[in-house]
Amino acid sequence: MTGRKSDSAFLPILIPGQTTTLWLAPHATAQIRRRTEGRGDPNSTLVWSGHTSGQGQVEVTLPPGAPQTYDGLLFRVLWEVECAGEVQRLVVGSGAWHPDPYAALGLPGNPFCAEEIPARQMDWEGVTPQHWLERGYSVAPSPGTQPGVGQLVQLLGVKGAGKSSHLAHWRRQNPGPGHYYPPRGHERWRPPPLAPICYWDEACRIPTPLLHWGLSRAARAGYTVCVGTHRDLAAEARRYGLTVQSIELRGISAGDILAWAARRIESARLAAGFEIPSTLAEQLACECGGSWREIATRLHIFTAQQAQEKQR
């Protein structure tokens, strides 16, 4: 790092509980943050904040219960030092470094990397059958066959509730064209695909003229339109004569979390005896707002902590 103000650097070696020594310019300020990336929006947590003495040296003991640095295919835990002032030297405590903490245990990896949708494209095959959790909406709607008698089947829920997963699951049963609408960019302006059954992911982002065009065409042709949306589109659909079925994906229970976790643990063939505590499942059911994405992130970190403790 140079003398630029607010420089930052990643700690390449981290064993929580160790002491990290920062050598900075006298009276400089510094922060240590833990950053997670790879599932949903990046999340940064402030762990320590302080300033150096007149000699420019400060020692920090990292939290012993925190996850160690992990750079996986779909998920990363990064420790970052942010400094205001010139950085002279950064000395990290000693300790063996394992790029994958599960390797030391002979484990194939962390089972809580929820499937990422590649580039958010509708050709994603969805959650694998052995990981699929039945929530009452697994049977796909039927294609429309009668002109003038169309329907809109909308999956409503927060980010990470399982809307895209259900659309992909339905699409495997009843194939049809689909499109994912990103928050910005030219792909957002693509006309909705139309067929006896079709799939529009994040339909609430479709520009109003295109949305109304697609709904009116589907109504006249008698098509079935399956959408994932954060906003209720029933009023627009009924305006053009479509019948509406609304499915709200919410209310993830502790039992749902334990059942879902058990499928992933079994498929990863983790060491016998490893399981998610029911108390943790109850906590996640209360705190994660109905988002499987957030649940997967929290369970991934928990499992990494367990692997780290056994590794010592």
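Rules and cut-offs
Residues numbered from 1 in each chain as written. Predicted model: local features only at pLDDT ≥ 70, side-chain atom pairs only at ≥ 80, totals over all residues. Heavy atoms only, no water. Helix = DSSP H or I, 4+ residues; strand = E, 2+ residues; numbered from the N terminus. Contact = heavy atoms within 4.5 Å. Areas by Shrake-Rupley, 256 points an atom, 1.4 Å probe, with all protein chains shown as cover. Pairing = 2+ DSSP bridges. Axes fitted to C-alpha atoms, helices over the stretch in contact; angles between N-to-C directions. Buried < 20%, exposed > 50% of the residue type's maximum accessible area, 1.4 Å probe, protein only. pLDDT = per-residue confidence, 0-100. Salt bridge = Lys/Arg side-chain N within 4 Å of Asp/Glu carboxyl O. Phe/Tyr/Trp six-rings, centres within 6.5 Å; stacked < 30°, edge-to-face > 60°. Core = buried A, V, L, I, M, F, W, Y, C linked by side-chain atoms within 4.5 Å.

A. Spatial organisation of the overall build of the protein chain. When you go through the protein chain residue by residue, the secondary structure sums to six helices and 13 strands. Within the protein chain, contacts between residues separated by at least 24 positions form 74% of all contacts whose residues are at least 6 apart in sequence. Working note: accessible area of the protein chain is about 15100 Å², and carbon and sulfur atoms make up 51% of it.

B. Examining the sheet that holds strand β10 (residues 178–180) more closely. With parallel pairing, five strands are arranged side by side in an open sheet as β10-β11-β12-β9-β13. Both edges of this open sheet fall to β10 and β13 (243–248), since each of them pairs with a single strand only. Sheet twist, expressed as the mean angle between neighbouring strand axes with direction ignored, is 15°. Across six bridges, the pairing between strand β9 (residues 151–156) and β13 is parallel. Note on β13: the bridge partner recorded for L152 is V244.

C. Broad picture of unusual backbone geometry. Despite not being glycine, E202 shows a phi value in the positive range, around 60°. Counting through the fold element by element, E202 comes out in the loop between β11 (197–201) and α2 (208–221). For E202, a relative accessible area of 7% puts it in the buried group.

D. Highlighting the confidence of the model for the protein chain. Here the protein chain averages 76 in pLDDT, while 66% of its residues score no lower than 70. Predicted confidence is poor over residues 1–14, with pLDDT under 50, and the contacts of this stretch with residues over four places away or in other chains come to 42 contacts. Note that residues 88–99 has pLDDT below 50 and, in this model, 35 contacts with residues that lie over four places away or in other chains.

E. Main features of the pattern of salt bridges. Taken as a whole, this structure holds four salt bridges when the rule is applied. Between E236 and R231 there is a salt bridge, with the nearest N and O atoms lying 2.8 Å from each other. You can call R231 partly exposed: its relative accessible area is 37%. One salt bridge connects E287 with R298, and the closest N-O pair in it is separated by 2.7 Å. You can see E287 sitting in helix α5 (residues 278–287) and its partner R298 sitting in helix α6 (residues 292–311), a full eleven residues away along the chain. Accessibility expressed as a relative area gives 27% for R298, which makes it partly exposed.

F. Focus on the packing of aromatic side chains. For the structure on display, the rule yields one aromatic pair. On the numbers, 5.3 Å between centres and 45° between planes, the contact of W260 with W292 is tilted. Taken together, the positions of W260 in helix α4 (residues 254–268) and W292 in helix α6 put the pair 32 residues apart, joining distant regions of the chain. Overall, W260 belongs to the buried group, its relative accessible area being 7%.

G. A look at the nonpolar core. Counting residues in hydrophobic clusters, the biggest one holds 19 residues, and the most contacted among them are I257, W260, I276, I295 and L299. For this core, the secondary-structure elements that each account for two or more residues are α4, α5 and α6. In this structure I276 touches F112, L258, A261, I265, L299 and F302, once residues within four positions along its chain are discounted. Membership of the second largest hydrophobic core comes to 16 residues, among which are A203, L210, L211 and A219.

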